[in-house]
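Coordinate analysis (summary)
Here are the chains, one letter per residue:
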Amino acid sequence: MTGPVDERPGKGAPTEGAQAEGVQAEGVQAEGGGQRRSGLRNPDKAVRGLGAGTLALEALVLLLAIQPIRVVGGDLSGAAIAAIVTLAVACVALAGQMKRAWAWHAGTVLQGLLLLSGLLHWSLFALGVMFALVWAYALHVRRVILG
């Protein structure tokens, strides 16, 4: 005898209602004859959200890192603080522009600028490396989902 079957949507075999709503498995023909690369209803919006969320998180971490860097890392010059605040504002501005294709390129440039700000303080370089890796992963996910 088998155990109880969970019949909630998303917890087992797909229901007929899921197929009627247009939820499809990967590689299944979409309406209109095109091939969908993912099961996402709106892959463009999902990818934009990933990019915007990454940039927003980066802005938050940069702003919150100012005081610990000052306490642990030693002297943090006024130029370094200005660079951090400028980069954080740029991150927030770009997060709001992710609908535009150029924003992805600008985000890549922003990661390079954060790495370059490592000349002002070594900890900014460390943050730059971490966020460059996160941004590279976001670009990889974008390429996989959107093709």
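Now for a quick tour of the structure. Since this is a predicted model, take the numbers as computed values, not measurements.

Along the chain, the regular secondary structure elements total five helices and zero strands. What you see in the chain, going N to C, is helices and strands ordered as α-α-α-α-α. Relative to its 147 residues, the chain shows a buried fraction of 30%. Pairs at least 24 apart in sequence give 60% of the contacts found in the chain among residues at least 6 apart. Carbon together with sulfur atoms contributes 64% to the accessible area of the chain, which is approximately 9,500 Å² in total.

Moving on: the environment of S117. Mapped onto the elements, S117 comes out in the loop between α4 (102-116) and α5 (122-146). The class for S117 is buried, based on a relative accessible area of 6%. Separated by 33 residues in sequence, S117 and I84 place their C-alpha atoms 8.3 Å apart. Those residues in contact with S117 that lie beyond four places of it in its chain are L87 and L124.

Another point: the nonpolar core. Judged by nonpolar contacts, the single largest core of 27 residues is most densely connected at L55, L62, M98 and L127. For this core, the secondary-structure elements that each account for two or more residues are α2 (43-72), α3 (78-95), α4 and α5. Looking at which element gives the most residues to this core, the answer is α2, with eight residues. Apart from the residues lying within four places of it in its own chain, the contact partners of L62 are I84, L87, A88, L114 and L127.

Quick notes on the rules
Residues numbered from 1 in each chain as written. Predicted model: local features only at pLDDT ≥ 70, side-chain atom pairs only at ≥ 80, totals over all residues. Heavy atoms only, no water. Helix = DSSP H or I, 4+ residues; strand = E, 2+ residues; numbered from the N terminus. Buried < 20%, exposed > 50% of the residue type's maximum accessible area, 1.4 Å probe, protein only. Contact = heavy atoms within 4.5 Å. Areas by Shrake-Rupley, 256 points an atom, 1.4 Å probe, with all protein chains shown as cover. Core = buried A, V, L, I, M, F, W, Y, C linked by side-chain atoms within 4.5 Å.

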